[in-house]
Amino acid sequence: MINVLNIDQLQNEENEKDFYVNNLREHILQNKSKITKPHKHNSYLCILFTKGIGTHEIDFNTYSVKPGNLFVISPGKTHHWELSDDVDGFIFTHTKEAYDLHYSHNMIANFPFFQSVQNSPLIELADNQIGEIVSLFESMLSEYQKQEILKHQVLVSYSDIMYAQLSRIYLKDEKEQIVNHGLYAQKFNELEKLIEEHFITEKSPSQYASMLNITPKHLNRITQSVMEKTTSEVILDRIILEAKRVMLHTSKSFAEIAIGLGYDDYAYFSRLFKQKTGITPSQFIKYYQ
């Protein structure tokens, strides 16, 4: 099973149960036994690398680690990394409630990098942007280490400023395909939530269209406009991602995994997997062993 790392397992400040901030080197040293294997978090994660190199794999997509690379990771995403010994930087993580209960005018999911599972978690900071973001991290870490009144409010306020600044940088990067605001984007985000809840038992685009009170044709128009994919492809993306997670982190047979994902015919599921990934389940396992 993939370990889910709860925020309180990282906690070293008694009065902060839904917020955590640390220097990255210290974080790795203090939590080495918990983070060496692929794992998930039950909280939102923001990591800035200021030193060192390596690779960071998030939901089976591999990204380069280098100074200035920052990652924003939503709850539930599987990640792990291979890092050089001299790596350093900053990390903060918080629960959804820590932010959403503090701001009635906004929600954490409204920031562009958190709006869709399809959006890239990587933000590559330019040299002239690193200093400002490092300064915010340093202020947040300093506040976290204090025992002052209104500490939680200050930490959440810093996170809001951080996300606002990162959103400006993120949205300026025209190379990124970003699912953002707008009627189509809102419907697409609703679709993703429904898929997350029902993908094991429901795989029909028409059923999701019905849940959204729109026609299958219109839903397909939305997914094509937002992601250049059909509704069926978006659903299958989520199924294949779950299949990969289960294959790597359980001892279940391929047939058992297929059944657990709602496919009684393993041969059919295997064909779907190869059609989507270009390799068979067995080849996928060998690649990651």
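Scroll up to find the structure.
Predicted, not measured: the structure shown is a model, and the values here were computed from it.

What counts and how
- Residues numbered from 1 in each chain as written.
- Predicted model: local features only at pLDDT ≥ 70, side-chain atom pairs only at ≥ 80, totals over all residues.
- Heavy atoms only, no water.
- Pairing = 2+ DSSP bridges.
- Helix = DSSP H or I, 4+ residues; strand = E, 2+ residues; numbered from the N terminus.
- Core = buried A, V, L, I, M, F, W, Y, C linked by side-chain atoms within 4.5 Å.
- Buried < 20%, exposed > 50% of the residue type's maximum accessible area, 1.4 Å probe, protein only.
- Contact = heavy atoms within 4.5 Å.
- Salt bridge = Lys/Arg side-chain N within 4 Å of Asp/Glu carboxyl O.

*Asks:* Looking at this structure, I do not really get the pairing of strand β6 (residues 61–65). What am I missing?
*Replies:* Successive residues of a regular strand alternate their side chains across the two faces of the sheet. Pairing of strand β5 (residues 54–58) with β6, which is carried by five bridges, proceeds in the antiparallel orientation. Looking at the pairing, Ile58 lines up with Asn61 of β6. Hairpin connection, β5 to β6: the antiparallel pair is bridged by two residues, and Asp59 has positive phi, about 50°.

*Asks:* Explanation requested: the nonpolar core in the structure shown.
*Replies:* Where a protein is soluble and globular, its nonpolar side chains tend to be buried together. Of all hydrophobic cores here, the largest spans 50 residues; its most connected members are Leu70, Phe92, Phe113, Ile123, Ile133, Phe137 and Leu166. The residues touching Leu70, leaving out its near neighbours within four places in the chain, are Cys46, Ile47, Leu48, Pro121, Leu122, Ile123, Leu125, Ile133, Phe137 and Leu166. Membership of the second largest hydrophobic core comes to 32 residues, among which are Leu194, Leu212, Ile222 and Leu261.

*Asks:* I'm lost on the pattern of salt bridges in this one. Help?
*Replies:* As a working rule, side chains carrying opposite charge can pair if their charged atoms are close by. One pass over the full model with this rule turns up ten salt bridges. One salt bridge connects Arg245 with Asp59, and the closest N-O pair in it is separated by 2.7 Å. Taken as a pair, Arg245 in helix α9 (residues 231–249) and Asp59 in the loop between β5 and β6 lie far apart in primary sequence, 186 residues in all. On the accessibility criterion, Asp59 (14% relative accessible area) is buried. Linking Lys276 and Asp237 is a salt bridge whose minimum nitrogen-to-oxygen distance equals 2.6 Å. With Lys276 in helix α11 (residues 266–277) and Asp237 in helix α9, the pair connects residues that are 39 residues apart, well separated along the chain. You can call Lys276 partly exposed: its relative accessible area is 31%. Each member of the salt-bridge network shares a partner with another, and the members are Asp59, Glu196, Arg238, Glu242 and Arg245.

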